[in-house]
Amino acid sequence: MKELIEYIVSSLVDKPDEVVVREVQGERTMVIELKVAREDLGKVIGKQGRTARAMRTLLNAAATKINKRAVLEIIE
Amino acid sequence: MNWIEEQGKTKEEAIDRALRRLGRALREVRVEVLDENKRLLKLLGARGTRIRVYYHVETPELAAAKQIVEKLLKLLHVRADVVGRMEEETIYLDVESDSPGLLIGKQGRTLEALQYIATRVLESTRHERLRLCLDIGNYQERHAQQLAGLARKLADEVRATGKRVTAPPMNPADRRLFHMALRDDADVTTASEGEGLLRTIVVSARAER
């Protein structure tokens, strides 16, 4: 889960060194916290939030496979 | 498109040899049988089959796109085989996997997300605008036919009533297919309306001339 977001985000941003992804495991839900450089925020959110939404969709597909729910939180 | 010629005792053997030479899978190439069951040397030679195998040369864009999609699928823990081709400016990738339903998702939403993310990653690694068309088990083609069917149905409705009809919300790719489906219709015209996720197409009667 974490690796998926790490790979996508690191490929999209200008400052991959500043990408931090943390996985917080809950019983049913896992939260993926994502932090990027301030100027890269737009790149991970995308036009009208399309990139963030697409990442959430992929995350949910991956989580479904292991009967969980996954939430992507982008920390500003 | 490039091709090579190969021969073998049977057609299967010839194909097998050609694929090994190219390092490709059968669904990535097109096979043409030149001579089946003919003597390979004029008088005495053993009987055999000669074939010609056509294949696409892998461009750097195609190779990069394939690599990205393979990586994403691996991270999604899906076992899959990705093949592709490049036609004009568009990269076409086809995914054969152990879980097509999961990858397509409700109303194709996961597939759309996968295609979108793969395109973004591809563009940012290659620093150019590229068009990537991702398909999973022919879903996109079936989906395009469904959309064209819906477009024709709504056009008939407009013809019958003369009133404008609004289609359900559609993403840009679907709107494009919808517009194309009715482009040559003499009676109706299409226009996009609404903002963001609710943006859709309105079909209305062409103004009287």
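The shown structure was predicted, so the numbers you read here are calculated from the model rather than taken from an experiment.

Here is what the cut-offs are and how they apply
- Residues numbered from 1 in each chain as written.
- Chains lettered and ligands numbered in written order.
- Predicted model: local features only at pLDDT ≥ 70, side-chain atom pairs only at ≥ 80, totals over all residues.
- Heavy atoms only, no water.
- Helix = DSSP H or I, 4+ residues; strand = E, 2+ residues; numbered from the N terminus.
- Rg over C-alpha atoms; globule rule 2.2 N^0.38 Å.
- Buried < 20%, exposed > 50% of the residue type's maximum accessible area, 1.4 Å probe, protein only.
- Contact = heavy atoms within 4.5 Å.
- Areas by Shrake-Rupley, 256 points an atom, 1.4 Å probe, with all protein chains shown as cover.
- Lys, Arg positive; Asp, Glu negative; His and termini not counted.
- Charge placed at Lys NZ, Arg CZ, Asp CG, Glu CD.
- Core = buried A, V, L, I, M, F, W, Y, C linked by side-chain atoms within 4.5 Å.
- pLDDT = per-residue confidence, 0-100.
- Pairing = 2+ DSSP bridges.
- Axes fitted to C-alpha atoms, helices over the stretch in contact; angles between N-to-C directions.

(A) Focus on the overall build of chain B. In terms of helices and strands, chain B carries 6 helices and 9 strands. Its C-alpha atoms give chain B a radius of gyration of 23 Å, more than 25% over the compact-globule value 17 Å for 209 residues. Each principal axis of the C-alpha distribution contributes one length, and for chain B these read about 75 × 40 × 30 Å. A burial count over chain B gives 37% of its 209 residues as buried. Put simply, of all contacts in chain B between residues at least 6 apart along the chain, 54% involve residues at least 24 apart. Accessible surface for chain B amounts to roughly 12,800 Å². Of this, 49% is attributable to carbon and sulfur atoms. Charge centroids of chain B, computed over 37 positive and 33 negative side chains, lie 2 Å from each other.

(B) Representation of the nonpolar core within the structure. The biggest cluster of nonpolar side chains holds 56 residues, and the ones touching the most others in it are Ile5, Ile8, Val9 and Leu34 of chain A together with Leu72 and Leu93 of chain B. Setting aside residues up to four positions removed in sequence, Leu34 of chain A forms contacts with Ile5, Val9, Val19, Val20, Val21, Val44, Leu72, Glu73, Ile74 and Ile75 of chain A. Ranked by size, the runner-up nonpolar core spans 13 residues in total, among them Ala151, Leu154, Ala167 and Phe178 of chain B.

(C) Region of the structure containing the confidence of the model for chain B. All names here are of chain B. With 95% of its residues at a pLDDT of 70 or more, chain B shows a mean pLDDT of 90. Taken element by element, the predicted model of chain B shows its lowest mean pLDDT in strand β2 (residues 29-39) (83) and its highest in strand β7 (residues 165-166) (96). Predicted complex, confidence summary: ipTM 0.95, pTM 0.76.

(D) Structural context of the sheet that holds strand β5 (residues 90-97) of chain B. Residues and elements named next belong to chain B. Spatial strand order, β4-β5-β6: 3 strands in an open sheet with mixed pairing. Each edge of the sheet is formed by a strand with only one pairing partner; in this case those strands are β4 (80-87) and β6 (131-136). Sheet twist, expressed as the mean angle between neighbouring strand axes with direction ignored, is 20°. Across 6 bridges, β5 lies against β6 in parallel orientation. Looking at the pairing, Ile91 lines up with Leu132 of β6. Each of β4, β5 and β6 is contacted by helix α2 (residues 60-75), which is oriented at about 35° to β5, the strand it contacts most. Against the sheet, helix α4 (residues 109-126) contacts β5 and β6, and its axis sits at roughly 145° relative to β6.

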